[in-house]
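# Summary of structural features
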Amino acid sequence: QKATTAAMLEQTTNEALVDALAAICDAPLPASIVEETGRQMYSQKMLEMQVGSGMSMEVVNQLASPEMVEKFLETDRKEIELVVRRTIACEELFRLENIQVSEEEFKAEVVAANEEFERYGTEYDVQRLVEQAGEAIEARKSMEWLRAHAEVTVLPPAGTA
């Protein structure tokens, strides 16, 4: 129970830190990046549905129709834009604070990403896998920097004070 509560608190803290960082990031959001991110989010949802429910690829392909993807891009636009803003803010923090990633850390991230794709038997583009591994480790290192340099106040849940 305590481990679960600690993990939930850490996740909530991470979300709050990234949201606070994103809130002060006023960079314009390129429409192409918002669309690409939305498409990736939709693909991830489809993969999770397939793995979680054992649904067939035929059903997944029907749900991944261009019309369904466009509807998701439209209805979930605010959530997609928040994800993009968070990503841009973390990338900018990584750059501005000159956060470093060792070659060993990067290699470990690529190996872990490769193993995940292999585990699910998912096809992937090696170059994109390497790019995503770099993005993931930059995000993690940015989060570590934020946690080390931010003042966090944990408030009691609403209604318990």
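Here the structure is a predicted model, which is why all the values come from computation and not from measurement. (Residues numbered from 1 in each chain as written. Predicted model: local features only at pLDDT ≥ 70, side-chain atom pairs only at ≥ 80, totals over all residues. Heavy atoms only, no water.)

### Here we look at the pattern of salt bridges
Taken as a whole and assessed by the stated rule, the structure comprises 12 salt bridges. Two residues, Asp 19 and Arg 86, come together in a salt bridge whose shortest N-O distance is 2.8 Å. One end of the pair, Asp 19, is in helix H1 (residues 2-23); the other, Arg 86, is in helix H5 (residues 77-96), with 67 residues separating them in the sequence. Its relative accessible area of 31% is what places Asp 19 among the partly exposed residues. Owing to a relative accessible area of 18%, Arg 86 belongs among the buried residues under this scheme. Ionic pairing is found between Arg 128 and Glu 36, a salt bridge with its closest N-O pair at 4.0 Å. With Arg 128 in helix H7 (residues 126-149) and Glu 36 in helix H2 (residues 31-53), this residue pair connects regions lying 92 residues apart in the sequence. On the accessibility criterion, Glu 36 (41% relative accessible area) is partly exposed. Several salt bridges converge on common partners, so that one network encompasses Glu 36, Arg 128, Glu 131 and Glu 135. (Salt bridge = Lys/Arg side-chain N within 4 Å of Asp/Glu carboxyl O. Helix = DSSP H or I, 4+ residues; strand = E, 2+ residues; numbered from the N terminus. Buried < 20%, exposed > 50% of the residue type's maximum accessible area, 1.4 Å probe, protein only.)

No statement about biological role is implied by the geometric values presented.
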